[in-house]
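Coordinates in review
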Amino acid sequence: MKFFVDTANLEQIKQAFDYGILDGVTTNPSLMAKEGISGEANILEHYAKIANMVDGDVSAEVISTDFQGMIEEGQKLAAIAPNIVVKVPMIREGVKALSWFTANGIRTNCTLVFSAGQAILAAKAGATYVSPFIGRIDDTTWAGMQLIYDIVEIYANYGFATEVLAASIRTANHIKECAIAGADVVTCPLKTIEGLFNHPLTDIGLEKFLADYNKLNG
Ligand code: E4P
């Protein structure tokens, strides 16, 4: 299972990288805006910095919603570095663009996926990754995790090569559930990844080990 960090914040990417467990980064226009990155040149430069910080894949999203615009933007993004993956929204023009990128050797991440049907379209178009948004589905009282189970099963039925990249992850338990479901990748905020560290028995156990050591050596 691969761990991606879902942020455009360079410090957080570095912190995740320093744990030695980071396999890649996902960004989106909202995350870029949160870092105050605007203007094409600055945006491309910021993606270049991120791509340079990690060995794994970095998803960079197109803003265009028409086929031609997505192709032009995607080509610019893909040219930044070999580990840039072009993130394309699950809309009609997006599926056309995914097919074009696949035919032209450009790797893609199909984003804003909220149904198994959309995930089938992404796989048929040859997307490298599909990003189902668990948390945003949970927000509507539907069960986001069920979508991960469904997509993993459907892709296995047909041997689709598209990797299931579970996104919009809100809790450490989401990560565990994704692992059980067989998601290929989880992308999470750093804080959520760090939630995996937490167990009170670890803290209590360590405190006792150190206290016992200090009784004789302190
Ligand atoms: C993934 O690629 C998306 O950028 C992200 O996971 C969305 O998460 P959110 O629903 O917390 O904004």
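Before any of the text, the structure's been laid out above.
Every chain's residues receive numbers from 1 upward, in the order its sequence appears when written. Whole-chain, interface and lining totals are the exception, using all residues; otherwise, since this is a predicted model, local features are given only for residues with pLDDT of at least 70 and side-chain atom pairs are given and counted only at 80 or more. Computation of side-chain values: all heavy atoms of the structure, hydrogens and water removed.

What to know about the pattern of salt bridges
- Any Lys or Arg side-chain nitrogen located within 4 Å of an Asp or Glu carboxyl oxygen qualifies as a salt bridge. The final tally for this structure, using the stated rule, is ten salt bridges.
- Here Glu163 and Lys2 are joined by a salt bridge, their closest N and O atoms 3.0 Å apart. Taken together, the residues span a long stretch of sequence, with Glu163 in strand β7 (residues 163-166) and Lys2 in strand β1 (residues 2-6) at a distance of 161 residues.
- The salt bridge involving Glu45 is made with Lys49; its shortest N-O contact spans 3.9 Å. On the criterion of helical spacing, the pair formed by Glu45 and Lys49 is a turn pair, its members being four residues apart in helix α3 (residues 40-53).
- Remark: exposure states derive from per-residue accessible area (1.4 Å probe, protein chains only) relative to the maximum for the residue type, with buried under 20%, exposed over 50%, and partly exposed in between. Relative accessible area serves as the criterion here: at 44%, Glu45 is assigned to the partly exposed category.
- Members of the salt-bridge network, linked through shared partners, are Lys208, Asp212 and Lys215. Strands are runs of DSSP state E lasting at least 2 residues, helices are runs of H or I lasting at least 4, and numbering of each runs from the N terminus.

Describing the packing of helix α4 (residues 67-78) against helix α5 (residues 92-103)
- Only the stretch in contact is used when a helix axis is fitted, and all axes are lines through C-alpha atoms; the angle between N-to-C directions ranges over 0 to 180 degrees. Taken N-terminus to C-terminus, the directions of α4 and α5 make an angle of 45°; their axes are 9 Å apart at the nearest point. Viewed along their axes, α4 and α5 adopt a mutual orientation that is oblique. By crossing handedness, the relation of α4 to α5 is classed as right-handed. Contacts between α4 and α5 involve Phe67, Met70, Ile71, Gly74 and Gln75 from the first element and Glu93, Gly94, Lys96, Ala97, Trp100 and Phe101 from the second.
- Under the grouping applied here, Gly and all other residues not named as nonpolar or charged are polar, the nonpolar ones being Ala, Val, Leu, Ile, Met, Phe, Trp, Tyr, Cys and Pro and the charged ones Asp, Glu, Lys and Arg. Of the residues assigned to the contact of α4 with α5, the class counts are six nonpolar, three polar and two charged. When describing relative orientation, an angle under 35 degrees is termed roughly parallel and one over 145 degrees roughly antiparallel, while 65 to 115 degrees is termed roughly perpendicular and anything else oblique. Handedness of each helix crossing follows the sense of rotation of the near helix against the far helix: counterclockwise by less than a right angle gives left-handed, clockwise gives right-handed. In this analysis, two residues are considered to be in contact whenever any of their non-hydrogen atoms come within 4.5 Å of each other.

Quick word on the state of the cysteines
- By convention in this document, the label disulfide applies to cysteine sulfur atom pairs within 2.5 Å. With the rule as written, the count across this model stands at zero disulfides.
- In this model Cys178 remains outside any disulfide bridge; the closest cysteine sulfur is found in Cys188, 7.8 Å from its own.
- According to the relative accessible area criterion, Cys178 is buried, its value standing at 0%.
- Residue Cys188 is classed as buried on the basis of its relative accessible area, which comes to 0%.

Notes on the site of the ligand
- Definition of nearness: a residue and a molecule or strand are near each other if at least one heavy atom of the residue lies within 4 Å of the molecule or strand. In the region of the ligand, the neighbouring residues are Asp6, Thr26, Asn28, Lys87, Phe133, Arg136, Ala167, Ser168 and Arg170.
- Side-chain atoms alone can form a polar contact between residues adjacent in sequence; in general such a contact is a pair of N or O atoms within 3.5 Å, and within protein one must be able to donate a hydrogen while the other accepts it. At a separation of 2.7 Å, an oxygen atom of the ligand approaches a polar side-chain atom of Asp6.
- In the model, an oxygen atom of the ligand is placed 2.6 Å from a nitrogen or oxygen of the Lys87 side chain.
- Only the protein chains shown count as cover for residues, and all accessible areas are computed by the Shrake-Rupley method using a 1.4 Å probe. The fraction of the free accessible surface of the ligand (340 Å²) that becomes covered by protein chains is 84%.
- By residue class, the composition of the shell around the ligand is two nonpolar, three polar and four charged.

Some details on helix α9 (residues 172-181)
- Those residues of α9 that fall on the buried side of the exposure criterion are His174, Ile175, Cys178 and Ala181. Along the axis of α9, the buried positions cluster into a sector of 125°, meaning they face one direction only.
- For α9, the secondary structure elements touched by its buried residues are β1, α7 (134-138), α8 (144-158), β7, β8 (185-188) and α10 (190-194). The directions from the helix axis to the C-beta atoms are what the arc is built from.

Quick notes on the sheet that holds strand β6 (residues 129-132)
- Here, strands pair whenever DSSP counts at least two bridges between them. Taking strand neighbours around the barrel as the criterion, the eight strands line up as β1-β2-β3-β4-β5-β6-β7-β8 in a closed arrangement whose pairing is parallel. Across the sheet, the axes of successive neighbouring strands diverge by a mean angle of 30°, strand direction being ignored.
- Across three bridges, the pairing between strand β2 (residues 24-26) and strand β3 (residues 57-61) is parallel. Each bridged residue has a counterpart across the sheet, and for Val25 the counterpart in β3 is Val58.
- The strands touched by α3 within the sheet are β2, β3 and β4 (84-89), with β3 carrying the most contacts at an inclination of about 165°.
- Relative to strand β5 (residues 108-113), helix α6 (residues 116-124) is tilted by about 165°, and along the sheet it contacts β5 and β6.

A short note on unusual backbone geometry
- The backbone of Thr141 shows a phi angle near 80°, a positive value even though the residue is not glycine.
- Within the secondary structure, Thr141 sits in the loop between α7 and α8.
- Thr141 sits in the exposed class, given a relative accessible area of 75%.
- Positive phi values are uncommon outside glycine, yet Ser168 reaches one of about 55°.
- Position of Ser168 among the secondary structure elements: in the loop between β7 and α9.

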